[in-house]
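If you want the building blocks of each chain, they are given just below.
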Amino acid sequence: MRVQSLSLKNFRNYEQASITPDSGVTVFTGPNAQGKTNILEALHLCCLGRSHRTARDEELIRWGADSARVQILTLQMDGTHEVTILLSRSQKKKKTVRIGARQAERIGELFGHVCGVLFSPEDLSIVKDGPAERRRFLDMQLSQLRPQYFYSLQRAVRTLNQRNALLKEIAKHPSLLPTLDMWDEQLARVGAEIAQSRRQAIAFLDEEARRAHASLTDGREELRLWYISQTVDAPDAAEQLLGRLRAARSEDLRRMTTTVGIHRDDMGVTINGKEARTFASQGQQRSAVLSLKLAQLEMAARETGEAPILMLDDVMSELDPQRRRQLIERIDRVQTFVTCTDLSDLAGARQGAVYHVENGTLRA
């Protein structure tokens, strides 16, 4: 996949901007707080329909403007794909997604038209923070590649919320207790589907990330990933998860929340056999996340049959020369968008297009 053009209107600090990226590496350089990351945020928005920095779409609209527009054109094996995302402060529909001339009915229809992998400073939370960040990493990757996973995830979240609400109601109205069976069955079925997808994804990412990490560290470190779940890997996984839900019912009623299910899943991460969250240095954690992102690239290429775009937000300055050199060798194989404050950080990389960014304006 290749991005042919990207245009912004009233997005973040850009009143207007048009970009024609190189098929290899496109660089956005300039001082901090000028708008470099906003370009990558716009690309990410086209991939997943959401920002990687905020859950509030209103914050993406330029100060003083009522609406914003991001438009992207990509070339894939099956032809060109045009995606337009419109954001509004005043309209009843705050976000509209258009695919070509057609308005998408559901956000899941966006997935697959722009496929990308982003590595930003915020991604260190995948290793440093709790299980929710690692679940989010998995869910975003799988949703982008498999729209059906996204719809299953939505169904699971709705079912979990309804079950939790019912647990609170039962505390006031015990006669509602028999209705819990229906929600248990629904949660077990969709949970087993999601757990299977997560387990398969982590198995693939483990192999690819281990290989990437060995390359980045010159073989000195071994990165391993594994799935941590209450859901078993078996043909009757849904039945076994249902049994766990029923066994935990008394505790759930006491606490008025669901204590068993895929919302408690995690992904274990170790470096040389030690838990990365607790024992890895900042540099090791950064390399682990970078290896995960490179594994994401391989997973996306396998699922879609073509390479996704890679977005690197101020990554190079944080890497030592060895890791930087290894990364540069890898990014030459995919269309890459890089932000940096100093072009010397990219020494050795083929810089096909360079944009200088200053206060929301681009100069080629």
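Rules used in this analysis
- Residues numbered from 1 in each chain as written.
- Predicted model: local features only at pLDDT ≥ 70, side-chain atom pairs only at ≥ 80, totals over all residues.
- Heavy atoms only, no water.
- Pairing = 2+ DSSP bridges.
- Helix = DSSP H or I, 4+ residues; strand = E, 2+ residues; numbered from the N terminus.
- Contact = heavy atoms within 4.5 Å.

With antiparallel pairing, three strands are arranged side by side in an open sheet as 9-10-11. Only two strands of the sheet have a single partner each, and these edge strands are strand 9 (223–228) and strand 11 (274–275). Pairing of strand 9 with strand 10 (residues 266–271), which is carried by six bridges, proceeds in the antiparallel orientation. Bridging from a neighbouring strand, L223 pairs with I271 of strand 10.

Turning our attention to the sheet that holds strand 2 (residues 14–19). Strand order in the open sheet made by the six strands is 2-1-4-5-6-7, with antiparallel pairing throughout. In this open sheet, the two edge strands, each paired with only one partner strand, are strand 2 and strand 7 (102–103). Bridge count between strand 4 (residues 67–76) and strand 5 (residues 79–88): ten bridges; the pairing is antiparallel. From the neighbouring strand, V70 faces strand 5, where its bridge partner is I85.

Secondary-structure assignment places V25 in strand 3 (residues 25–29). Counting along the chain gives 326 residues from V25 to Q351, while the straight-line C-alpha distance between them is 5.3 Å. Setting aside residues up to four positions removed in sequence, V25 forms contacts with I331, D332, T336, V338, R350, Q351, G352 and A353.

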